[in-house]
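What follows is the residue order along each chain.
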Amino acid sequence: MKVRPNVGNDGGARVLLVSTNRERQPYPVVPNGLACVASALDAAGHLVRFLDLCFVRDPIASAREAAASFRPDIIGVSVRNIDNSDAIALRHYTPEARGVLHALRHAAQGARVIAGGAAFGVAPEALFRDLGVDYAVAGDGERASVALVNALSSGQAIEALPGLVRDRAGTVAFTPPGEDADLDSLPAPALHRWIDLARYQRHGATIPIQTKRGCVYKCVYCTYRNVEGWGYRTRDPELVADEIEELKVKAGVRHFDFVDSTFNSPPGHAVQVCEAITRRKLGIQLDTTNFTPATASHELLRAMKIAGFRSLGITAESASDAVLEKLEKGFNAARVREVAERVEKHGIRTLWIFLVGGPGENPRTLEETLSFAEWRLGRGDAVYLTVGLRIYPGTTLHRIAIGEGVVPADSTLLDPAFYFSSALQFDATVARLKRFASSHPRFMFSADSRSRVLPYLTRAASVLHLPRPHWQYMGLFQRVARAIG
């Protein structure tokens, strides 16, 4: 077990932060959000220890050992996802998080336990009950966590703290997050201080950078507005470039992944970020899988290419007007084709990301999407496709699913439920997609990414220093995985 060293001043609370996410398929995800919380607590004068369970052999034993040796006053546990949102190869994460929490409580009796992470932004009250923690935070974790830890360590009242979930006389009370929009006032994430970035990179991960929070799009299935709020809260482009430069200089990172809800919206801010990076002459590679076809000007694509983009992932979700309208994506199929040609002209290869089975989907719309996929596969792009849409509480899809009788109105949705259009037969659709995949190696189901072989292949690509992103070797990976499996 590797625990990052204690950081902070010896005057505040002793806080053990634990990242419970252990998913490594198709590659592990750096716990960026918890690192942001760690830096904020450190800046507030608390003594912080960071435990990342992603690569440990025994997460329960590792959690117990860290809690017993550090003797924290407060334990903060991050739950990134409720499940993997995959109807074909479903994996539920909260049971494992529950086991880790139990071990932490047993080893550090008397410590207050706080939970947070993106999952709590999606379903704060239901997860609070399910995990049985003392408190939970939602919204900007840096603000809510610091306010709560400050209050708990000084004996101040907590009732009015924004972003707080707590028990009040047997009822779960949730105070909505505050309206403070200024991200530039937050401490820099300083990922390299808390996380073994080199190990993540050896396993195929890219290093996350966030240029903004929030979203203005209305995609019916999406939880970003629940987690980060409506509208954009942008960071100063120069501070974004500062963060990237620091990670290159101090941690040797050369490949970065923008993890905003949509990197290219608002487009003006994205251009400014690219220009700020270009001025530094860092010689790095940039990527994102959060690129919307809604806005993709030549100016933006030119700035992206100069800054270091060689490839990107475009979340088109469908190439059919009927489905795009129902999903409320904010663009049509003609725009998808236009953007495909425009991105290709700028020499940027693309991973196209699709969802099959949403509202309005039928055999004809599916074939429209597969026709587009075949075109792009023939041009050297790759395709990643998910079957079925995970229903999350508070989304438009949730209301649609209730109206169609797919889920009961009183379901917490902690047990994963999926929407799949009644105009399609599930087994027949999967069979059609498998036939398509058999003749197109760079076409991948989300379920294919759960292959036990894939993490070894991505790690081998990292060890051999093959250029990223590794999805560009999807054809080779698929052939090997299918031959072994």
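No experiment lies behind these values; they were computed from the predicted model shown.

Visitor: Outline helix 2 (residues 59–70), listing residues and values.
Guide: With 12 residues, helix 2 ought to run about 16 Å at 1.5 Å a step, and its terminal C-alpha atoms sit 16 Å apart, in line with that. Regarding helix 2, the residues found buried are Pro59, Ser62, Ala63, Ala66, Ala67 and Phe70. Taken end-on, helix 2 shows its buried residues confined to a sector of 125°, consistent with a single buried face. Arg71, located one to two residues past helix 2, shows a positive phi value of around 55°.

Visitor: Before we move on, can you summarise the state of the cysteines with the specific residues and values?
Guide: The final tally for this structure, using the stated rule, is 0 disulfides. No disulfide involves Cys219; its nearest neighbouring cysteine sulfur is the one of Cys222, lying 5.9 Å away. The exposure class assigned to Cys219 is buried, which follows from its relative accessible area of 13%.

Visitor: How would you sum up the sheet that holds strand 9 (residues 207–209)? Please name residues and give values.
Guide: Taken together, the 3 strands give an open sheet; going across it, the order is 9-12-13, and neighbouring strands pair in parallel fashion. Each edge of the open sheet carries a strand with a single partner, namely strand 9 and strand 13 (285–288). Each strand axis lies, on average, 35° off the axis of its neighbour in the sheet, ignoring direction. Across 3 bridges, strand 9 lies against strand 12 (residues 255–258) in parallel orientation. Bridge pairing in strand 12 places Ile207 opposite Phe256.

Visitor: Which residues make up the packing of helix 15 (residues 363–378) against helix 17 (residues 426–438), and what values do they have?
Guide: Pairs of packed helices are described in terms of their axes, by the angle between the two and the distance that separates them. The interhelical angle for the contact between helix 15 and helix 17, taken along N-to-C directions, is 15°, at an axis separation of 12 Å. Overall, the two elements helix 15 and helix 17 adopt an arrangement that is roughly parallel. In this structure, the crossing between helix 15 and helix 17 has a hand that is right-handed. Counting all contacts with helix 15, which are made through Leu366, Glu367, Leu370, Ala373, Glu374 and Leu377, the residues of helix 17 involved are Thr429, Arg432, Leu433 and Phe436.

Visitor: Before we move on, could you go through the pairing of strand 13 and cite the residues and values that matter?
Guide: Alternating positions in strand 13 separate into two faces, Gln285 and Asp287 on one and Leu286 and Thr288 on the other, with burial throughout. Bridge count for strand 12 against strand 13 is 4 bridges, and the pairing is parallel. Bridge pairing in strand 13 links Phe256 to Leu286. Taking the sense of rotation as the criterion, the β-α-β connection linking strand 12, helix 11 (residues 267–280) and strand 13 turns out right-handed.

Visitor: Run through unusual backbone geometry, naming residues and quoting values.
Guide: Most peptide bonds take the trans configuration, and most residues that are not glycine carry a negative phi. The omega torsion across Ser265 and Pro266 is 0°, close enough to zero to call that bond cis. Among the secondary structure elements, Pro266 is positioned in the loop between strand 12 and helix 11. Even without glycine at this site, Ala169 takes up a positive phi of about 55°. One can find Ala169 in the loop between strand 7 (164–168) and strand 8 (171–174).

Visitor: Describe in detail the sheet that holds strand 19 (residues 443–445), supporting the description with residues and values.
Guide: Strand order in the open sheet made by the 4 strands is 14-15-16-19, with parallel pairing throughout. Of all strands in the sheet, those with a lone pairing partner are strand 14 (311–317) and strand 19, marking the two edges. Looking at each pair of strands side by side, their axes are set apart by 20° on average, direction ignored. Note that strand 16 (residues 382–387) and strand 19 share 3 bridges and pair parallel. Bridge pairing in strand 19 links Val383 to Phe443. In the packing of helix 15 onto the sheet, contacts are made with strand 15 (349–356), strand 16 and strand 19, and the angle to strand 15 comes to roughly 165°.

Visitor: Give a description of the confidence of the model for the protein that names residues and reports values.
Guide: Chain-level pLDDT for the protein is 89 on average; 89% of the residues reach the 70-or-more range. Scored below 50 in pLDDT, residues 5–9 shows 17 contacts in the model against residues more than four places distant or in partner chains.

Rules used throughout
- Residues numbered from 1 in each chain as written.
- Predicted model: local features only at pLDDT ≥ 70, side-chain atom pairs only at ≥ 80, totals over all residues.
- Heavy atoms only, no water.
- Helix = DSSP H or I, 4+ residues; strand = E, 2+ residues; numbered from the N terminus.
- Expected span 1.5 Å × (residues − 1).
- Buried < 20%, exposed > 50% of the residue type's maximum accessible area, 1.4 Å probe, protein only.
- Arc of directions from axis to C-beta.
- Disulfide = S-S within 2.5 Å.
- Pairing = 2+ DSSP bridges.
- Axes fitted to C-alpha atoms, helices over the stretch in contact; angles between N-to-C directions.
- Parallel < 35°, antiparallel > 145°, perpendicular 65-115°, else oblique.
- Left-handed = near helix turned anticlockwise from the far one by under 90°.
- Contact = heavy atoms within 4.5 Å.
- Right-handed = clockwise from strand over helix to strand, strands pointing away.
- pLDDT = per-residue confidence, 0-100.

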